[in-house]
Amino acid sequence: MNYHQFLQEGLFRALRLLGLKGRVVNLYLVTDEEIALINREYLGREGPTNVVSFSLWEGQRPASPTHLGEIFISRDTARREAREYGVPLRDYLLSLALHGLLHLLGYEHERGRWAPWLMARKEEELLRRLLGPERRAILNLVRRREYMPAKLAVNVDHVATVREARKVHYPDPIHAAVLAELGGAHGIVVHLRGDRRHIQERDVRLLREIIKTKLILEMAPTEEMLEFALTVKPDQVTLVPERPMEVTTEGGMAVKGRVREVRATVERLKKGGIPKVSIFINPDPAELKSASKTGADVVELHTGHYAEARGAEEREHELSRLEEAARVARDLGFEVHAGHGLSYENIEPVAAIPEIEEFSIGHAIIARAIMVGMREAVREMLSLIEKARG
Ligand code: PXP
């Protein structure tokens, strides 16, 4: 059976399983060039993708009594991705066709925040019934997508920057953190710097008491900071390099050649009762390999170079580095986070990288909050992240 017949048969059976016997779907296997054209023409997006679908349903009702819509799959992208993920092409094509079919049925639109998760569940259920439970590689791949809804940790440093500009008691980063939580933030981040230019020790202590999500403390791996972290016990420590005169963190930690030293720091934090340790790192496979020997649970990929890239070509290049690093980090067993310089203008391509589980964003949200308010600013950012995962 060739791919066309296999997919035709698969979709036919899937429609029956979904109680849609007799309905029709058009499926086209196209090239990268063709899907890029469709992507640009109809969806306003650049470049090729694996699958797109166009529904003929309007709201709850089909516009045609039998025809559900059209699915386009790029066989070039499918082949590349199947190889990367180590799954048989035939199975991967069927998973894409089912993904397209569920989109046609409006799965992602009706169920809000958890839609990608519910959709992956349905996809897995259908695939299991069509292929059988022994096709483990593809079922595991789709199951991993269940973790797709990404989290947003909000960094409130720059509320403290405004406060410290006048050395007064307002605006208070604690208030901002509570509002960020009300807006949907999954965690609150603060960077306690050696020079205390924004966040103060009092802020971290109070946040530890007050916030209901999780507290992430960014810090340089100095003796002073280690002792402080071990008394406050945040939910996560993110190790970052720090240069006294820098405007903001300039790059990831250099782990290569310093594995033993970094491992000792990670060990001390974990032994001291801090559940998760993260390393802020450049999207570089060699650095990631070194990081995998330190005992850290998380890597936060530095998105600063992507954010600062000039022109489409440089940006694409930086985005590919992030995509590759995210895959490598995941394969090495890390939980993958990303952050630095992410904004309302540049978040979407990064938020679409499925391996990234959490984004750490500060400056852009605080800047936006000045204009629209904290809850609204967090909500806007979350909905952009969620949209990119649809
Ligand atoms: N992640 C890390 C490790 C950082 O040091 C910072 C800046 O403090 C951020 C994320 C947030 O960056 P931005 O403020 O540009 O969103």
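Calculation rules
- Residues numbered from 1 in each chain as written.
- Predicted model: local features only at pLDDT ≥ 70, side-chain atom pairs only at ≥ 80, totals over all residues.
- Heavy atoms only, no water.
- Salt bridge = Lys/Arg side-chain N within 4 Å of Asp/Glu carboxyl O.
- Helix = DSSP H or I, 4+ residues; strand = E, 2+ residues; numbered from the N terminus.
- Buried < 20%, exposed > 50% of the residue type's maximum accessible area, 1.4 Å probe, protein only.
- Near = heavy atom within 4 Å.
- Polar contact = N/O pair within 3.5 Å; in protein donor to acceptor, adjacent residues only side chain to side chain.
- Areas by Shrake-Rupley, 256 points an atom, 1.4 Å probe, with all protein chains shown as cover.
- Phe/Tyr/Trp six-rings, centres within 6.5 Å; stacked < 30°, edge-to-face > 60°.

Here the focus is the pattern of salt bridges. Scanning the model with the defined rule gives 26 salt bridges in all. For R196, the salt bridge is made with E224, and the minimal N-O distance between the two is 2.5 Å. With a gap of 28 residues between them, R196 in the loop between β7 (187–191) and α10 (201–210) and E224 in helix α11 (residues 223–232) connect regions that are remote in the sequence. Residue R196 is classed as buried on the basis of its relative accessible area, which comes to 16%. Residue class for E224 comes out partly exposed when judged on its relative accessible area of 42%.

A few words on the site of the ligand. Near the ligand you find 14 residues, and of these T249, E300, G341, G362 and H363 are the closest. Separating an oxygen atom of the ligand from a side-chain N or O atom of E218 is a distance of 2.9 Å. At a separation of 2.5 Å, a nitrogen atom of the ligand approaches a polar side-chain atom of E300. For the ligand, whose free accessible area comes to 390 Å², the fraction covered by protein is 95%.

What follows deals with the packing of aromatic side chains. The relative placement of two aromatic rings is captured by the distance of their centres and the angle of their planes. The final tally for this structure, using the stated rule, is 3 aromatic pairs. On the numbers, 4.8 Å between centres and 15 degrees between planes, the contact of Y28 with F72 is stacked. Here Y28 is found in strand β1 (residues 24–30), whereas its partner F72 is found in strand β5 (residues 67–74), with 44 residues between them in sequence. What makes Y28 partly exposed here is its relative accessible area of 33%. With a centroid separation of 5.7 Å and 70 degrees between ring planes, the pair formed by Y42 and F54 is classed as edge-to-face.

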